[in-house]
Amino acid sequence: MDYQVADISLAEFGRKEIVIAEHEMPGLMATRAKYGPDKPLKGIKITGSLHMTIQTAVLIETLVELGADVRWCSCNIFSTQDHAAAAIAATGVPVFAWKGETLDDYWECTYRALTWPDGSGPDQIVDDGGDATLMIHRGYLAEDKSAILDEPTDNHELAVINHLLKRMLKESPGHWHKVASKVVGVSEETTTGVNRLSQMAMRGELLFQAVNVNDSVTKSKFDNVYGCRHSLPDGIKRAMDVLISGKTVMVCGYGDVGKGSAEAMRNERAQVLVSEIDPICALQACMAGFRVCTVEDALPIADIYVTATGNKNVITAKHMSQMKDQAIVCNIGHFDNEIEVNQLEAMPGVVKEEIKGSYCPVHRYRFPDGHAIYLLAEGRLVNLGCATGHPSFVMSNSFTNQTLAQIDMAANPKRAINVYRLSKQLDEEVARLHLAKLGAQLTTMSHDQAEYLGIDINGPFKPEHYRY
Ligand code: NAD
Ligand code: 9W4
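Residues numbered from 1 in each chain as written. Chains lettered and ligands numbered in written order. Predicted model: local features only at pLDDT ≥ 70, side-chain atom pairs only at ≥ 80, totals over all residues. Heavy atoms only, no water.

## Notes on the site of ligand 2
Now for step 1: Around ligand 2, the structure places 14 residues, and the nearest of them are His 51, Thr 53, Gln 55, Phe 78 and His 390.
Now for step 2: Interatomic distance of 2.7 Å between a side-chain N/O atom of Thr 53 and an oxygen atom of ligand 2.
Now for step 3: Note that an oxygen atom of ligand 2 is positioned 2.8 Å from one of the backbone N or O atoms of His 390.
Now for step 4: Coverage of ligand 2 by the protein chains reaches 75% of its 660 Å² of free accessible surface.
Now for step 5: Residue composition of the shell around ligand 2, by class: three nonpolar, nine polar and two charged. (Near = heavy atom within 4 Å. Polar contact = N/O pair within 3.5 Å; in protein donor to acceptor, adjacent residues only side chain to side chain. Areas by Shrake-Rupley, 256 points an atom, 1.4 Å probe, with all protein chains shown as cover. Nonpolar A, V, L, I, M, F, W, Y, C, P; charged D, E, K, R; others polar.)

## Description of the packing of aromatic side chains
Now for step 1: Scanning the model with the defined rule gives six aromatic pairs in all.
Now for step 2: For the ring pair Tyr 111 and Trp 176, a centre distance of 6.2 Å and an interplane angle of 70° mean the geometry is edge-to-face. Linking Tyr 111 in helix H5 (residues 103-113) with Trp 176 in helix H8 (residues 175-182), this pair joins segments that are 65 residues apart in sequence.
Now for step 3: Between Phe 222 and Phe 393, the aromatic rings sit 6.1 Å apart at their centres with planes inclined by 40°, giving tilted as the arrangement. Highlighted residues: Phe 222 in helix H10 (residues 217-240) and Phe 393 in helix H17 (residues 392-411), separated in sequence by 171 residues.
Now for step 4: By relative accessible area, which is 17% here, Phe 222 ends up buried.
Now for step 5: Given the relative accessible area of 14%, Phe 393 is considered buried.
Now for step 6: Aromatic rings pair up to connect Phe 222, Tyr 226 and Phe 393 into one cluster.
Now for step 7: If you follow Lys 45 out to its NZ or CZ, it ends over the ring of Trp 116, 5.2 Å from the centre. (Phe/Tyr/Trp six-rings, centres within 6.5 Å; stacked < 30°, edge-to-face > 60°. Helix = DSSP H or I, 4+ residues; strand = E, 2+ residues; numbered from the N terminus. Buried < 20%, exposed > 50% of the residue type's maximum accessible area, 1.4 Å probe, protein only. Lys NZ or Arg CZ within 6 Å of the ring centre and 35° of its normal.)

## Quick notes on the layout of surface pockets
Now for step 1: Its volume calculated, the second largest pocket comes out at about 520 Å³.
Now for step 2: Forming the walls of the second largest pocket are 19 residues, and the residues nearest its centre are Thr 218, Glu 428, Ala 431, Arg 432 and Tyr 468.
Now for step 3: When residues of the lining of the second largest pocket are traced back to their parent elements, those giving at least two are H10, H17 and helix H18 (424-435).
Now for step 4: Examining the composition of the lining of the second largest pocket, we find that seven residues originate from one element, H18, more than from any other. (1 Å grid on protein atoms, 1.4 Å probe; cavity = no way out; pocket = protein on both sides within 12 Å on 5 of 7 lines; lining within 4 Å. Points joined across faces, edges and corners; volume = space filled by probe spheres on them.)

## A look at the environment of Val 292
Now for step 1: Locating Val 292 in the fold gives a position in strand E9 (residues 291-292).
Now for step 2: Sequence-wise, Val 292 and Glu 276 are 16 residues apart; in three dimensions their C-alpha atoms are separated by 7.4 Å.
Now for step 3: Those residues within four positions of Val 292 in sequence are excluded, and the remaining contacts are Val 274, Ala 282, Ala 285 and Cys 286. (Contact = heavy atoms within 4.5 Å.)

## A closer look at the packing of helix H6 (residues 131-144) against helix H7 (residues 156-171)
Now for step 1: The geometry of H6 relative to H7 is characterised by a closest axis approach of 10 Å and an angle of 55° between their N-to-C directions. With respect to each other, H6 and H7 are oriented oblique. Read as a crossing pair, H6 and H7 show a hand that is right-handed. Counting all contacts with H6, which are made through Leu 134, Met 135, Arg 138, Gly 139, Ala 142 and Glu 143, the residues of H7 involved are Leu 158, Ile 161, Asn 162, Leu 164, Leu 165 and Leu 169.
Now for step 2: Each residue belonging to the contact of H6 with H7 can be placed in one class, and the counts come to eight nonpolar, two polar and two charged. (Axes fitted to C-alpha atoms, helices over the stretch in contact; angles between N-to-C directions. Parallel < 35°, antiparallel > 145°, perpendicular 65-115°, else oblique. Left-handed = near helix turned anticlockwise from the far one by under 90°.)

## Comments concerning the sheet that holds strand E5 (residues 185-188)
Now for step 1: Taken in spatial order, the seven strands line up as E3-E2-E1-E4-E5-E6-E15 in an open sheet, and their pairing is parallel. Each having just a single partner strand, strand E3 (95-96) and strand E15 (419-421) make up the two edges of the open sheet.
Now for step 2: The pairing of strand E1 (residues 45-49) with strand E2 (residues 69-73) spans five bridges and is classified as parallel. Bridged to Gly 48 within E2 is Trp 72.
Now for step 3: Helix-sheet contacts for H5 involve E1, E2 and E3, and the interaxial angle to E2 is about 175°.
Now for step 4: Against the sheet, H17 makes contact with E1, strand E4 (124-127), E5 and strand E6 (209-212), and its axis sits at roughly 160° relative to E4, the strand it touches most. (Pairing = 2+ DSSP bridges.)

## Observations regarding the pairing of strand E7 (residues 248-252)
Each regular strand displays side chains that alternate between the two surfaces of the sheet.
Now for step 1: The buried fraction of E7 amounts to five of the five residues, a majority that puts the element mostly inside the structure.
Now for step 2: Because side chains alternate across E7, one face comprises the buried residues Thr 248, Met 250 and Cys 252, and the other comprises Val 249 and Val 251, equally buried.
Now for step 3: Here five bridges tie E7 to strand E8 (residues 271-275), and the two strands are oriented parallel to one another. When the sheet's bridge partners are listed, Cys 252 is paired in E8 with Ser 275.
Now for step 4: Following the backbone out of E7, through helix H11 (residues 256-267) and into the adjacent parallel E8, one traces a crossover that is right-handed. (Right-handed = clockwise from strand over helix to strand, strands pointing away.)

## Describing the pairing of E4
Now for step 1: Side-chain alternation along E4 places Gln 124 and Val 126 on one buried face and Ile 125 and Asp 127 on a second face that is also buried.
Now for step 2: Taken together, the four bridges between E1 and E4 define a ladder with parallel strand orientation. Note on E4: the bridge partner recorded for Ser 49 is Asp 127.

## As for the side chain of Asn 397
Now for step 1: Structurally, Asn 397 can be placed in helix H17.
Now for step 2: Since its relative accessible area comes to 1%, Asn 397 is described here as buried.
Now for step 3: Those residues in contact with Asn 397 that lie beyond four places of it in its chain are Thr 218, Phe 222, Val 430 and His 434.

## Considering the site of ligand 1
Now for step 1: Around ligand 1, a shell composed of 23 residues is seen, among which Val 257, Glu 276, Asn 311, Ile 332 and Asn 383 lie nearest.
Now for step 2: Between Ile 332 and ligand 1, the recorded distance is 3.0 Å, taken from a backbone N or O atom to a nitrogen atom.
Now for step 3: With respect to ligand 1, the backbone of His 334 contributes an N or O atom lying 3.5 Å from an oxygen atom.
Now for step 4: Protein contacts shield 74% of the accessible area of ligand 1, which totals 870 Å² for the unbound molecule.
Now for step 5: The element contributing the most residues to the shell around ligand 1 is H10, with three residues.
Now for step 6: Among the residues making up the shell around ligand 1, the classes are represented as eight nonpolar, 11 polar and four charged.

Below, the structure written as structure tokens:
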């Protein structure tokens, strides 16, 4: 059986949710309508390593409709929606993903998604975080210098990868050189993955071209600003069912995620405070009408705290010991260290109680003086831990970038090895593909106006580094 999912009988439920998501993913559906008949990915073997969710299912079926031969795994051991995985496996697309994989399972799934029944590898990769790319590169390196697999490491995950690659080296020597020589390129979804690729390119180790989808305007604005504007209140409400209106909310960090978060809280009619270390972002917060102050200033008045900085130890255990009784603390920024959870748990006299389990984690911490705080999602991303992340329309923007990147790579297989941004024309194309669903009517610029502005009438309409 060329798939491994938790429960294939969930396929029917998965399909019902996929049909709903399709309606909210107009970029992907418009891409199918526009490019589908030409089959620009015909016969191209694509491995995907990206959260196996309902929205990803719509991406997979778009790639298939464009002609691709797809295999898929998740890029996170917890993020698979089992009904989505089942629905895709039921269509005959090999999927290797289930919620709650072990790390051993996870890397085995990545290997299986990278390996077709005849032993060959993919032509193109859709990656999120860079694990599929890493497996090929580390396997390739180990075939030249097997000693790297024996280097001592206290990183459990690296030990797992090394173990699998050692087995491969024995069973199928030269496998990864063969695979790497055929890969045309990878399109990468996230900052972490793009950073990994840039480092490999700088060291001269990158084996194929890479397209950075993360920095398209239509990806980053949706992922950071509009997505969090939707899913922060969603997470807080599912966790606490609390009226946000009238409360005082402190948002730490006023970058893109902080801007979306602060706006969402204001839209709920909360009084919003913002903390910042950067004077420009602080000034932007003032101009948007938020009070800028420190976490210490907020302690006597704030009811809800949200971290959105990408930094560590932003809300400390000491802060939490001084908050108002029943204050709610959550994080929507960096994975798990913006809030000092370990230090909170180690504080003498603090008693932790589980309010809701792993489906929507909420814990109460009671301090020796009698006051308590609620911590959502154990300090991890509240919109993913307590809600279902971004809505489909947001993911449609990311995934339309992914699809156009795959088409672009297929059309330019011989580009020099480097990390490329998706062109501004394609970024604009992603926006265009979403406009009809929103009932927007774009204004057509006249030749005279284009000449006046000194730009090409067919776009791009803004210079490369224009800040939106
Ligand atoms: P950003 O760099 O634009 O914004 C972060 C802001 O925090 C900056 O303006 C910075 O000056 C400020 N900051 C840093 N340290 C601070 C401190 N100690 N106190 C107050 N402010 C501080 O980044 P971003 O795009 O807004 O992303 C922030 C984080 O959110 C990243 O870790 C990113 O990976 C994550 N993210 C989460 C989601 C999600 O769905 N939960 C989505 C996108 C990004
Ligand atoms: N999800 C996730 C879900 C549960 C979970 C250790 C036990 C990210 C982006 C998209 O990361 C994602 N549980 C965890 S970590 C974790 C992560 N733990 C930690 O203790 C519980 C994730 C992209 N996306 C959307 O946002 C909407 N559709 C998408 O495809 C999905 C999931």
